[in-house]
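# Examining the three-dimensional arrangement
The chain contents come next:
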Amino acid sequence: MSDYMIEFVNVTKRYGDIVANEHITLQIKRGELMTLLGPSGCGKTTALRCLTGHNHPDEGRIFIDGQDVTDLPTYKRNLGMVFQNFALFPHMTAFENVEFPLRIRGLSQSERREKVVEALKLVRLEGYGSHFPRQLSGGQQQRIGLARALVYRPSVLLLDEPLSNLDAKLREEMRFEIKDLQVRLGITAVYVTHDQEEALALSDRVAIMNKGRIEQVGTPEEIYERPGSQFVADFIGLSNFLEGTVTAVEGETTYLAVDNLSLGLATTAGARVGQRVLAFVRPNEVELAAPGTMSGPEVLEGVVEKMTYLGDKVDYRLRLGDRLMLRVQSGGTVRFKAGERVAVRLPMERCRVIGGGKA
Amino acid sequence: MNSFWHKQREGLITLVLLSPGLAGFFGLFFYPMLLTVILSFRPEGREVGWTLAHYARFLGDPAFRDVLGLTFSLAVGATVFSVLLSLPLALVLREKPKGNRLFRLSILLPMMMPHLISALGLLLFWSKRGWANLFLLTVLPFLKEPVAVNYTIPGLILFYVWLFYPYTCLTTLASLEALDRSIEEAAEVAGANRLRVLWHIVLPLIRPGVLAGSVLTFMMAFGAFSVPLVTGGNYRPLSVQIFTQATLYLEWSAASAMAVVMAMAQVTFLTIYMRVLRRPIA
Amino acid sequence: MMCAMTLVRQYARSVLSAKTLLVYSFLLGFLLYMVTPFLIIFFNSFGKGWYGMRWLPQEWTLNWYQWAIEVADIPEIMKNTLVIAGIAVVISTLIALPTGWALGRRHIPGKELLTALILLPRMIPAITFALGVAKIFYGLHLVDTFLGVALAHVALAAPYAILVLSATFESLDERVLEASAVCGASPAQGFFYVILPLILPGILSSIIFTFTTSYNEFTMTLMTYGPHTVTLPVRTYLAVGEGYWEVSSAMAVILIIPSLFILFLIQRQLQPEKLVGGFKGV
Ligand SMILES: Nc1ncnc2c1ncn2[C@@H]1O[C@H](COP(=O)(O)OP(=O)(O)OP(=O)(O)O)[C@@H](O)[C@H]1O
Ligand SMILES: [Mg+2]
């Protein structure tokens, strides 16, 4: 009936005056891992709770597998969920925790046994069935949570910051484990996090949220390479923003006046003189050289204000012209010291215009 | 050497500071209790000699055994109905409905008001010509006669529940509010409807709290004095019997024997309560 | 399809509102169940010729209060009650200040057990040791004296005062005192400007609760009072026994005032769960 496993159609949710979700429209394909990514308080959990049915949207509809579930109670939605604080049942053993959804579904004891054992094997905790949650480490608890969410093969797996209560090393390990499971089972998953690295590593597609709205939806690469707004460019990775006015368009090159500097960019469709434009470039895409060794419209000159040695790379803060600050990271050894003059090349193909900038 | 004396002095200061409290405890509780124990072994009205007659009579005589039976039935009845009232009430109040503070405050009424006054109010309210019967006669057309509540055993249990359910209700509410909501949400997502979440998750998790509260309610009902004194009529639970035995029949030794049994029972319940309270969940 | 959708939605909404309705009627019923006994006392104390079977009295009167004052001699009884409560508060506080300090701030081996022991008189039915207290007080000619009745009240009031004050003293932060010394305060100044404001609420709440305990006390009073030391609860009890319901109601309204005050204080700050452990109605 529908190509999409999950659809948010124009969903709005308010808490009093706070608009936690504002006109959210999002389609999630079958077997896809979609991440909701955004800063704290942007409404990720709210959106997820609308999906589980713990929140009822004030406006809009939600579909799962083509069925309108907006008014369906949580327990009928056939979802699986992994919680940030694990939310295991403290009075049940790991085995009983995983068994619970099957018991609710009225499976026979032998069936239950078989499926629980299989699920525990899936998360590599075969021997831990008789342990109570408090006897398990955080990582083990979360794997039991995962087993409990998957044992009944729900149509969708939801994960709300499942790794944020784990330490850094475990987090990275679990990240791949979750991805691996999701791919192996071919299950549609919605993953909530505010950790961009996690989001980029795991997701088939990412929805970037800001202040209750969805700013951009795309593959990790699209999000990183072609951010649709300053917010996205800023939130994903490090960015230098260059805001200026188009002074001339000459074929392939568009000239931009940034403060009192002139910078050449690759021409984009529809560029016209007088337009305000916002461009950005990642710190690791900027090339540095000794003054006078490079030339071209995309080359500027500046002074190193601050240099920080980071081991595998060096972080420079440069001043171009009077006011423009530029952050540059380059690999290898220290080549410039604070106070030195440098030539800076902002490669045309890496220096991208965001949505036409502010009009 | 120096530190030894220092320690001695510190200990002495502590003892001096504690002494008023200890004096009060020994003078106003321990010594009276001791005297009661001694008296319970004396022949009636005498200051010498030892006898077990009062205990034998108390535990042997059917009339006195009935007193114990009544006391226990009232306490058990009150406890059971307190749990039945407290569970839905706590579950509803947990959701913080509008007027939540008012409802919570009203739970405290029986604890804060003098029991004597509560007893008077209950008698007036449930009397054959009181509001309760007026209401029942109005809404139940098949009811022709007012219902007799006062001075009956069901009536006493009703009053006891009114007086002592707050102990159960407050502990139940406290353990409900200590529950992590996401645990219930997890169960719901896993496919359990409200009733099943309640049965499989919430009730098992709050059981220790409910149990502790029930023991408290039971203890209070077991020891109740002013309410059965005023509202009991011909039914005299242990506390009232002790009072009557001493002040009406002037059988102090017999009364003392009952008091000793009662105190020991209460200490037993107290010990159970401590155990229940300290037991960890699952 | 669309039509069915809206139908389903409307149905869901109506179920929802039916549920809210159910919840609120339950809560309202509960509230009425809790407050009607007091309401009926109140109306009864002002009603004339109200023999029930009506929702409200037909005529209103202050006669019962007049009766209470003139015939039952309430002013004299009120004086007794207040004097006794005053003595009980002073003795309890004098006992509780040093003992509470020792329990709250000094190292005591087996502190938990000691606290439990001191609280025992509150956890065990008063009637069980009231017998012994009465027996001792007869020997010391303390029965039917203000001091005697007040001392009997101290048996119940002091444990509570000790509990409250030891908690207050325990929560005093040593560093605050050190900070005041660093700021150049003398020990006396430190006491008046730093310690006193910190412990005053605790002392005040201890006084309020001891006062109410004594004011409402019934069991111990019943065993130690005499013609010269009738207190308000005992007089109310006697009036109930005599069958003067309206006068009893008028007395009850007078008797209830301090408890209402406490309830008011509680609703402003305390968490009710805290009361369950230590506080017991009278
Ligand atoms: N139950 C609630 N009542 C009132 N406001 C709420 C409630 N839940 C969330 N909010 C508000 O809604 C907004 C979105 O909250 P939400 O929990 O969805 O954020 P989030 O993106 O999950 O943040 P985080 O990364 O910190 O978990 C926040 O401003 C929050 O304060
Ligand atoms: Mg969140």
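All of these numbers come straight from a predicted model, not from anything done at the bench.

Residue and element names in this part refer to chain A. Overall, antiparallel pairing links the five strands, which are arranged β15-β19-β16-β17-β18 in an open sheet. The strands lining the two open edges of the sheet, one partner per strand, are β15 (287-289) and β18 (324-331). Each strand of the sheet is rotated relative to its neighbour by a mean of 45°, with strand direction disregarded. Of the strand pairs in this sheet, strand β16 (residues 299-309) and strand β17 (residues 313-320) are connected by seven bridges, and their pairing is antiparallel.

Glancing now at the environment of B:Val210. Residue and element names in this part refer to chain B. Position of Val210 among the secondary structure elements: in helix α9 (residues 194-223). Residue class for Val210 comes out buried when judged on its relative accessible area of 12%. Put simply, Val210 and Leu136 are 74 residues apart on the chain and 32 Å apart in space, counted from C-alpha to C-alpha. Residue contacts for Val210: discarding those within four places in its chain leaves Val83, Leu87, Thr168, Thr172 and Ser175.

This part is about the sheet that holds strand β6 (residues 79-82) of chain A. All names here are of chain A. Reading across the sheet, the six strands line up as β6-β7-β8-β3-β9-β10 and stay open at both edges, with mixed pairing between neighbours. For this open sheet the edge positions go to β6 and β10 (213-218), each flanked by a neighbour on one side alone. Pairs of neighbouring strands in the sheet enclose a mean axial angle of 20°, with direction left out of account. Across five bridges, the pairing between strand β7 (residues 156-160) and strand β8 (residues 188-193) is parallel. Residue pairing in the sheet places Leu157 in a bridge with Ala189 of β8. Against the sheet, helix α1 (residues 44-52) contacts β3 (33-37), β6, β7, β8 and β9 (205-210), and its axis sits at roughly 150° relative to β7.

This part covers the pairing of β7(A). Residues and elements named next belong to chain A. Counting buried residues along β7, five of its five residues qualify, which places the element largely inside the surrounding structure. Burial of β7 is two-sided: the residues Val156, Leu158 and Asp160 facing one way and the residues Leu157 and Leu159 facing the other way are all buried. Here four bridges tie β6 to β7, and the two strands are oriented parallel to one another. Considered in β7, the bridge of Met81 is made with Leu158. For the crossover from β7 across helix α5 (residues 168-185) to β8, the handedness is right-handed.

Residue and element names in this part refer to chain C. Taking 1.5 Å per residue, 14 residues should reach 20 Å; helix α5 (residues 126-139) reaches 20 Å between its end C-alpha atoms and fits that length. For α5, the tally of buried residues reaches 11 of 14 residues, placing the bulk of the element in the interior. The complete set of buried residues in α5 reads Ala126, Ile127, Thr128, Phe129, Ala130, Leu131, Gly132, Val133, Ala134, Ile136 and Phe137. The positive-phi residue at the C-terminal boundary of α5 is His141, with phi of around 55°.

The interface of chain C with chain B comprises 87 residues on the first partner and 89 residues on the second. A combined buried area of about 7900 Å² lies between chain C and chain B, and 82% of that area is made up of carbon and sulfur atoms. Summed over the shared surface of chain C and chain B, the number is one salt bridge. A salt bridge links C:Arg106 to B:Glu10; the nearest nitrogen and oxygen atoms lie 2.7 Å apart. Linking chain C to chain B there are seven residue pairs in polar contact (both at pLDDT 80 or more). Element by element, the count of residues in the side of chain C that touches chain B is highest for helix α1 (residues 2-46) of chain C, at 18 residues. When grouped by side-chain class, the residues that make up the side of chain C that touches chain B number 65 nonpolar, 15 polar and seven charged.

This part is about the interface of chain A and chain B. Listed as interface residues are 25 residues of chain A and, on the opposing side, 19 residues of chain B. Between chain A and chain B, roughly 1900 Å² of surface is buried when both sides are summed, and carbon and sulfur atoms account for 65% of that area. Sorting the residues of chain A by area buried against chain B places A:Tyr75, A:His91 and A:Ile104 first, and these three jointly supply 32% of that buried surface. Taken together, chain A and chain B are joined by one salt bridge. For A:Arg49, the salt bridge identified is with B:Glu185, shortest N-O distance 2.9 Å. Run the count over chain A and chain B and you get seven residue pairs in polar contact (both at pLDDT 80 or more). Contributing elements (two or more residues each) for the side of chain A that touches chain B: α1, β6 and α2 (94-104) of chain A. Per-element accounting of the side of chain A that touches chain B gives the leading share, four residues, to α2(A). Looking at the side of chain A that touches chain B, its residues break down into 14 nonpolar, six polar and five charged.

Further remarks concern the packing of aromatic side chains. Tallied over the entire structure, the rule returns 33 aromatic pairs over all chains. Pairing A:Phe231 with A:Phe235 gives two aromatic rings, centres 5.6 Å apart and planes at 10°, and the pair type is stacked. Of this pair, A:Phe231 and A:Phe235 are both found in helix α8 (residues 230-235), four residues apart, which corresponds to roughly one turn of the helix. For A:Phe235, a relative accessible area of 19% puts it in the buried group. With a centroid separation of 5.5 Å and 75° between ring planes, the pair formed by B:Phe225 and B:Phe243 is classed as edge-to-face. One end of the pair, B:Phe225, is in the loop between α9 and α10 (226-231); the other, B:Phe243, is in helix α11 (residues 238-247), with 18 residues separating them in the sequence.

Definitions and cut-offs
Residues numbered from 1 in each chain as written. Chains lettered and ligands numbered in written order. Predicted model: local features only at pLDDT ≥ 70, side-chain atom pairs only at ≥ 80, totals over all residues. Heavy atoms only, no water. Pairing = 2+ DSSP bridges. Helix = DSSP H or I, 4+ residues; strand = E, 2+ residues; numbered from the N terminus. Axes fitted to C-alpha atoms, helices over the stretch in contact; angles between N-to-C directions. Buried < 20%, exposed > 50% of the residue type's maximum accessible area, 1.4 Å probe, protein only. Contact = heavy atoms within 4.5 Å. Right-handed = clockwise from strand over helix to strand, strands pointing away. Expected span 1.5 Å × (residues − 1). Buried area = accessible area lost by both parts, 1.4 Å probe. Salt bridge = Lys/Arg side-chain N within 4 Å of Asp/Glu carboxyl O. Polar contact = N/O pair within 3.5 Å; in protein donor to acceptor, adjacent residues only side chain to side chain. Nonpolar A, V, L, I, M, F, W, Y, C, P; charged D, E, K, R; others polar. Phe/Tyr/Trp six-rings, centres within 6.5 Å; stacked < 30°, edge-to-face > 60°.

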